[in-house]
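Next come the chains, spelled out residue by residue.
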Amino acid sequence: ESGDSEFIRLAQALPAIQALIANAKSVFLLRLDPEHVIRYTNEAVDNFLRLERNALLGQGLDTLLTESDAALVTTRLQEPNPPAKPMLINLIYREHVPLTVQCSLARLEDGHFLLIAEALFEDINTLHLELMQLNNQLSVLTRENIRKGKELTHAMRKLEQANERISELAYHDALTGVANRYSLEAKLEQEIERSSRLNQPLSVIMLDLDHFKAINDQYGHAMGDKVLVALAKILSNNVRPYDLVARYGGEEFFVLLPGAVEVDAAAFAERFRQAVAKMEVPDLPKQVTASFGVATYTPGQHVNVLFERADKALYQAKEAGRNCVVVDHSPEFTSWDV
């Protein structure tokens, strides 16, 4: 419709999100007023979420987001110029199953905001359609009370497999296979509770690929995806069974290290750094490096503060020349008695 055409024209005028529009097979467009109330959605939003046309109009954006993502987007929207860099958020998608999308924000001249999002995986829609078909099939079998026990068992098994696959997509990054940010936040809250209750240390590592944009620009996004997959494999192969590797967003990854004191976490980060520097990516003629920020949980500290400390250390590593490890030594840090 004409509204969609106008929104795409506006989006294409913003250089930071041209690639998203150009490469997307389905793009979600939402227009928000200054109070972050949804004033427009394109048909892709309603179709993908299986809603009546314009069903979301007049509702707050937070009705579509998980609690943590609603806080993140609200913070971005309150900034004078929302960062153009795409970020990952989770839409509450059918029966509260989170759908991870790549999202960009832009402030329009009339004070409204444009939110553009693209799903990071396409097969979840197909899985939901298959799930609906299987449910219908089971209903027919039950109503007719036919003696086809084997067919009923087979259909129920396929239904279980579809549910398992949907759960996997909800908690894992579609590209790399490691945990996604939604899964990371849930696990981190559990580990902080365990750390406080048992008086055990807990450390985290945040890392970011150096000059990743240059790789995408020079060798293409397909090569960039290969680098991300290779990095995820390196991290996963160098952690303990109870550690967690997660893709935090874009080229940023997060490693959760239960039981690790600061010196142990720094050693882990250095091991990762060296492994990445030796990493070979097929058809990529240049070497890849990464920068690392390390932080150790302080008893009673809010989870957001721990994220901020790791992010601050990562920023310092970038400022120090990249391809290095920086450990955050916050004044409030207290040593663990282990």
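Note that the structure is predicted; figures quoted are calculated from it, not measured.

Next up on the list: the sheet that holds strand β8 (residues 252-258). The five strands lie next to each other as β7-β8-β6-β9-β10, forming an open sheet whose pairing is mixed. Whereas interior strands pair on both sides, the edge strands pair on one side only; in this sheet they are β7 (244-249) and β10 (325-327). On average, each strand axis in the sheet is tilted by 20° relative to the strand beside it, whichever way the strands run. In this structure, strand β6 (residues 202-209) lies alongside strand β9 (residues 290-296), joined through seven bridges in antiparallel fashion. Each residue of the ladder has a partner; that of Leu 207, found in β9, is Phe 292. Across the sheet, helix α11 (residues 303-319) is in contact with β6, β7, β8, β9 and β10; its angle to β9 comes to roughly 145°.

We now examine helix α10 (residues 262-277). Across its 16 residues, α10 extends 23 Å between first and last C-alpha, which sits within 8% of the 22 Å expected from 1.5 Å per residue. Where α10 is concerned, the buried positions are Glu 262, Ala 265, Phe 268, Ala 269, Phe 272, Arg 273, Ala 275 and Val 276. Buried residues in α10, looked at end-on, bunch into an arc of 165°, giving them a common side. Next to the buried residues of α10 lie β6, α9 (221-237), β8, β9 and β10.

Here we come to the pattern of salt bridges. Opposite charge on two side chains permits them to pair, given that their charged atoms come into close proximity. Evaluated as defined, the whole model comprises 17 salt bridges. A salt bridge links Arg 53 to Asp 46; its shortest N-O distance comes to 2.4 Å. Overall, the relative accessible area of 30% leaves Arg 53 in the partly exposed class. Here Arg 309 ties to Asp 328 by a salt bridge, and the two come within 2.6 Å at their closest N and O atoms. Of this pair, Arg 309 sits in helix α11 while Asp 328 sits in the segment after β10, and the two are 19 residues apart along the sequence. The exposure class assigned to Arg 309 is buried, which follows from its relative accessible area of 4%. Residue class for Asp 328 comes out buried when judged on its relative accessible area of 3%. Salt bridges sharing common partners tie together Asp 69, Arg 181 and Glu 185.

Let us look at the pairing of β9. Remark: a regular strand shows side chains that alternate across the two faces of the sheet. With seven of seven residues buried, β9 is to be regarded as a mostly interior element. Across the two faces of β9 the burial is the same, with Ala 290, Phe 292, Val 294 and Thr 296 and Ser 291, Gly 293 and Ala 295 all buried. Strand direction decides the pairing type here: β9 and β10, joined by three bridges, are parallel. Counted as the bridge partner of Phe 292 is Val 325 from β10. With α11 bridging β9 and its parallel neighbour β10, the resulting β-α-β unit is left-handed.

What follows is about α11. Here α11 spans 25 Å end to end across 17 residues, near enough to the 24 Å set by a 1.5 Å rise per residue. Within the sequence span of α11, burial applies to Val 303, Leu 306, Phe 307, Arg 309, Ala 310, Ala 313, Leu 314, Ala 317 and Lys 318. On the buried face of α11, the contacting elements are α7 (181-198), β6, β7, β8, β9 and β10.

About the thresholds
Residues numbered from 1 in each chain as written. Predicted model: local features only at pLDDT ≥ 70, side-chain atom pairs only at ≥ 80, totals over all residues. Heavy atoms only, no water. Pairing = 2+ DSSP bridges. Helix = DSSP H or I, 4+ residues; strand = E, 2+ residues; numbered from the N terminus. Axes fitted to C-alpha atoms, helices over the stretch in contact; angles between N-to-C directions. Contact = heavy atoms within 4.5 Å. Expected span 1.5 Å × (residues − 1). Buried < 20%, exposed > 50% of the residue type's maximum accessible area, 1.4 Å probe, protein only. Arc of directions from axis to C-beta. Salt bridge = Lys/Arg side-chain N within 4 Å of Asp/Glu carboxyl O. Right-handed = clockwise from strand over helix to strand, strands pointing away.

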